[in-house]
Amino acid sequence: MSSGDLESSTSGNRSTASPTIPFIDVASIATRLAPGIARTRDHLLSLQHSDGHWCAELQGDTILESEYILLLAFLGQGQSEKAKECAAYMLDQQCEHGGWAMFPGGPIEISGSVKAYLALKITGHDPQAAYMVRARQAIVRAGGVEQVNSFTRYYLAMLGLIPYDLCPAVPPEMILLPQWAPFNIYEMSAWSRTIVVPLSLLWACQPKTTLPPEHQIDELYASPARTLPRTIGGVNHEGSSGWLNWSKFFQQVDRAIKLGEGLRIKPLRKRAIKLCEEWILQRLNMSDGLGAIFPPIVWTIIGLRCLGYKDDSEVIRQQLAELDKLCIREENKVRLQPCFSPVWDTIISMIALRDAGVSRHDPAIRKAIDWVLSKEVKHPGDWSLSHPLVEPGGWYFEYNNEFYPDIDDTCMTLIALGKCLPEGAGRDWTMEVFDEPKSGGNVPQNSAAPVVFSGRSATAEIAIAELEAAAPMVNAIRRGVRWLKSMQSRDGGWGAFDADNTREVLTKVPFADHNAMIDPSTSDITARVLESFAGLGIPADSEIHRRAMEFIWKDQQPDHCWYGRWGVNYLYGTWQVLVGLIASGVPASDPRLLRAVDWLKAKQQPCGGWGETARSYDDPSLRGTGVPTASQTAWALLGLIAAGETGSTAVQRGVDYLLSTQQPDGTWVETEFTGTGFPRVFYLRYHYYSLYFPLMALSRYANSLQDTK
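A brief structural summary.

What counts and what doesn't
- Sequence order as written defines the numbering, with residues in each chain counted from 1.
- Since the coordinates come from a predicted model, pLDDT governs what is reported: local features require at least 70, and pairs of side-chain atoms require 80 or more to be given and counted, while whole-chain, interface and lining totals use all residues.
- With hydrogens and water stripped out, all remaining heavy atoms of the structure feed into the side-chain values.
- Buried Ala, Val, Leu, Ile, Met, Phe, Trp, Tyr and Cys residues form a nonpolar core when they are joined through side-chain atoms within 4.5 Å.
- Each residue is assigned to one of three classes by its accessible area relative to the maximum for its type, calculated with a 1.4 Å probe on protein chains only: buried under 20%, partly exposed between the two thresholds, exposed over 50%.
- In what follows, a contact means two residues having at least one pair of non-hydrogen atoms within 4.5 Å.
- With axes taken as lines fitted to C-alpha atoms, and helix axes fitted only over the stretch in contact, angles between N-to-C directions fall between 0 and 180 degrees.
- Starting at the N terminus, helices and strands are each numbered in turn, a helix being any DSSP run of H or I of at least four residues and a strand any DSSP run of E of at least two.
- Here a crossing is called left-handed whenever its near helix is offset anticlockwise from the far helix by less than a right angle, and right-handed whenever the offset is clockwise.
- Any residue outside Ala, Val, Leu, Ile, Met, Phe, Trp, Tyr, Cys, Pro, Asp, Glu, Lys and Arg is labelled polar, Gly included; the first ten of those are nonpolar and the last four are charged.
- Criterion used throughout: strands pair if DSSP finds at least two bridges between them.
- By definition, a salt bridge exists where a carboxyl oxygen of Asp or Glu is found within 4 Å of a side-chain nitrogen of Lys or Arg.
- Nitrogen and oxygen atoms within 3.5 Å of one another constitute a polar contact, given that in protein one can donate a hydrogen and the other can accept it, and given that sequence-neighbouring residues count only through two side-chain atoms.
- Given the number of residues in a helix, its expected span is that number minus one, multiplied by 1.5 Å.
- Residues qualify for a patch when their relative accessible area is over 30% and they have no salt bridge, like charges being joined within 9 Å and the nonpolar side chains of Val, Leu, Ile, Met, Phe, Trp and Tyr within 5 Å.
- Where accessible areas are quoted, they stem from the Shrake-Rupley method and a 1.4 Å probe; at the residue level, only the protein chains shown are allowed to cover.
- The criterion for a disulfide is a pair of cysteine sulfur atoms lying within 2.5 Å.
- Here a pair means two rings of Phe, Tyr or Trp (six-membered ring of Trp) with centres within 6.5 Å. Their orientation is stacked below 30 degrees between planes, edge-to-face above 60, and tilted elsewhere.
- Charge-over-ring contacts are defined here by two conditions on Lys NZ or Arg CZ: a distance within 6 Å of the ring centre and an angle within 35 degrees of the ring normal.

Here the focus is the nonpolar core. The biggest cluster of nonpolar side chains holds 213 residues, and the ones touching the most others in it are Leu159, Trp344 and Phe693. Those residues within four positions of Leu159 in sequence are excluded, and the remaining contacts are Leu70, Ala73, Phe74, Leu118, Ile122, Lys208, Thr209, Thr210 and Leu211. With 7 residues, the next largest nonpolar core counts Met102, Phe103, Ala614 and Phe673 among its residues.

As structure tokens, this is what we get:
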């Protein structure tokens, strides 16, 4: 037994961070570390598919099952066996408060609860059953059906439960607006764009399937009037700043659109509908459904049916088949995934396995590389409309989604591939991409321009042989790096799918209550881009790097952490920034990073782990607090290890927590949702987060111990 010294500091605003723990059994950690890494490594390897990729379940909340049932009801299949199996799963997810939540232990989510209750009624559940009574009471206490969001209103309208006039107008004429117009569809985030275009067909055609009287939901209204308010609240309509209240302005626009349509003033409607149809059909090519995610696929089916496509037409059958792929059946119950995550799971698995010592020559890694390279984007997508001179590159998240590569998957792929280059890449080797954009943006590129690695190797012959073998990977890396650099936004950061997708006023339109209308730069992605460049040995001395770092520093929170857009939440953001900045040459002794390190230490829990609730998006005072999880503990450890804290008590306690909670098969039990879809609206549980991130953290801890010997 050896004692662990607690760190303290009086420099700047730093404070003693770790709870008082008198002894850390360092010898026990050392004994358990290698076997623990081996168990998780072997388990992860056992999950690899025969073609080289990994793909775990991606779990969302019950809006997936309820909306699928409502779609089936619209198609006349509300009493089908699959609908009933979805309802059975959904019933298992009912919370103690009687409603349904966005994440385990969360408060009632009114839109999801209304849809769940309706779906249960449609599939034959007795409204007088105890669980239905509890649900009904919980919904009414939360404000009733009057509080549902805009997308839920569209479901209610297409099932004949409310008039379309109570839905926000989504006129298809938006597709006619040129790119220079302030409210054109390409000013919307990629995911909103794929929803809004097919949804506009519903607004234009207003289809309706009338449910029988026993499926009405009048009992869910909280007010005697039993009607919905004309205006919709939501996370983007909680106030307005500036000289103009944009929410109220767009409410007036909404009324004007409805008035004009009531007077049949819509001269461009036919042309707009045709363009929407063509837009959708074009993006079904080289994609597993529109955007390869659940909501646009559902709206595509409904929208195309509005245009006369039959259920047995090839395109409708294909889209229904894509939804069917997302279904998971177990014990006569069906649950759905919002999409698949194979590229994401594969590249992070590769990183973790390389950290764990699996050779880049190992068949598992070689097969994974080949699979990843087969998923590189080779065709222009929506992003290229604003970057027409940029060579396609990058990677998407799903199996097939050619129109929508994303920055996060691309930079994580570059990190993974960088770890599979000749040994020393990023350290003894440096990379230079010629004829590249010097400061981002849309500039001409020469697709034949070379990529040059320079450095030392044992012999010239070995170096040449290694690089020749790696040529396909190097070329993909070259395209990925150039694409990333071209996608930098003017503020210096990177968003998820597009550059400069920041028109804040769009968040105030009535149908923007899903909190995802724009795709602004975020520190977590920006730092990961920097990490990917550093892993390839790209010098951090360019204007691109300078602007990116300025963006990150400006985004640091008053208590010295960073917001995490794509993972829950401040633990995620702070980990990624620490890793990215330190990899880019910012010294760990920088006072701003020291304070971030202290913030992480202060959030460590008595058990040694870290956890953060998704409620921290609604209430920032909860940042860094919540049920400890393996994935979030791993994130904190990765940040601290990168900052040179390997020997600290906090890191030792965190490693001990992971080893102590590890299961015999090398896994960890984690039911919390630590992934973020849309903050305050939709959260995710990546089933491999509690596997490859702990493996990464334990392996980097072990490697760091070796480096200090």
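Now that the structure has been shown, the text picks up again.
Next up on the list: the packing of helix 6 (residues 150–158) against helix 10 (residues 294–306). Close contact between helix 6 and helix 10 brings their axes to 13 Å; oriented N to C, the two are set at 35 degrees. By crossing handedness, the relation of helix 6 to helix 10 is classed as left-handed. Counted together, Phe151, Tyr154, Tyr155 and Met158 of helix 6 and Val298, Trp299 and Ile302 of helix 10 form the full contact between these two elements. Looking at the contact of helix 6 with helix 10 residue by residue, the classes come out as 7 nonpolar, no polar and no charged.

Read across the sheet, 3 strands follow the order 3-9-8 without closing on themselves; strand pairing throughout is antiparallel. Strands at the two margins of the open sheet, each flanked by one partner only, are strand 3 (58–59) and strand 8 (675–678). Note that strand 8 and strand 9 (residues 682–686) share 3 bridges and pair antiparallel. Of the residues in strand 9, the one forming a bridge with Gly675 is Leu684.

Applying the stated criterion across every chain, the model contains 32 salt bridges. A salt bridge links Lys115 to Glu67, with the shortest nitrogen-to-oxygen separation between them at 2.6 Å. Taken together, the positions of Lys115 in helix 4 (residues 110–122) and Glu67 in helix 2 (residues 63–74) put the pair 48 residues apart, joining distant regions of the chain. Measuring nitrogen to oxygen at the nearest pair gives 2.9 Å for the salt bridge that ties Arg283 to Asp382. Taken as a pair, Arg283 in helix 9 (residues 269–283) and Asp382 in the loop between helix 13 (363–373) and helix 14 (407–418) lie far apart in primary sequence, 99 residues in all. The pair Arg283 / Asp382 is uniform in exposure class, with both members buried. Salt bridges sharing common partners tie together Arg193, Arg283, Asp382 and Asp498.

Next up on the list: the side chain of Glu391. On the secondary structure map, Glu391 appears in the loop between helix 13 and helix 14. For Glu391, a relative accessible area of 18% corresponds to the buried category. Among the polar contacts made by the side chain of Glu391, one reaches the side chain of Arg478 at a distance of 3.3 Å.

A few words on helix 16 (residues 471–486). The terminal C-alpha atoms of helix 16 lie 23 Å apart, and with 16 residues this matches the ideal 22 Å at 1.5 Å per residue to within 8%. Counting buried residues along helix 16, 13 of its 16 residues qualify, which places the element largely inside the surrounding structure.

What follows is about the environment of Ala643. Turning to its location among the elements, Ala643 is positioned in the loop between helix 21 (630–642) and helix 22 (649–661). Distance from Ala643 to Ser589, taken between C-alpha atoms, is 8.4 Å for residues 54 residues apart in sequence. Excluding residues within four positions of it along the chain, Ala643 makes contact with Ile582, Ala588 and Val597.

Let's shift gears to a nonpolar patch on the surface. On the surface, a cluster of nonpolar side chains totalling about 340 Å² of accessible area is made up of Leu259, Leu263 and Ile265. Tracing the sequence through the fold places Leu259 in helix 8 (residues 246–262). On the basis of relative accessible area, Leu259 is assigned to the exposed category, the value being 56%.

Bringing the state of the cysteines into the picture now. Taken as a whole, this structure holds 0 disulfides when the rule is applied. Counting only cysteine sulfurs, Cys327 is the nearest neighbor of Cys86, a cysteine outside any disulfide, at a range of 5.6 Å.

Our next topic: the packing of aromatic side chains. Taken as a whole and judged by the stated rule, the model has 27 aromatic pairs. Taking the centre distance of 6.5 Å and the plane angle of 80 degrees together, the rings of Trp494 and Phe533 count as edge-to-face. Pair noted here: Trp494 is in the loop between helix 16 and helix 17 (523–535) and Phe533 is in helix 17, with a separation of 39 residues, a long-range link. Where Trp575 meets Phe693, the ring centres are 5.6 Å apart and the plane angle is 80 degrees; that geometry is what we call edge-to-face. Taken together, the positions of Trp575 in helix 19 (residues 570–583) and Phe693 in helix 23 (residues 689–707) put the pair 118 residues apart, joining distant regions of the chain. Each residue in the set Trp344, Phe397, Tyr572, Trp575, Trp635, Tyr686, Tyr688, Tyr689, Tyr692 and Phe693 is aromatic and connected to the rest through ring pairs, giving one cluster. Above the ring of Phe533, the side-chain terminus of Lys485 is found at 5.5 Å from the ring centroid.

Honestly, that's just the spatial picture; any functional story needs more than this.
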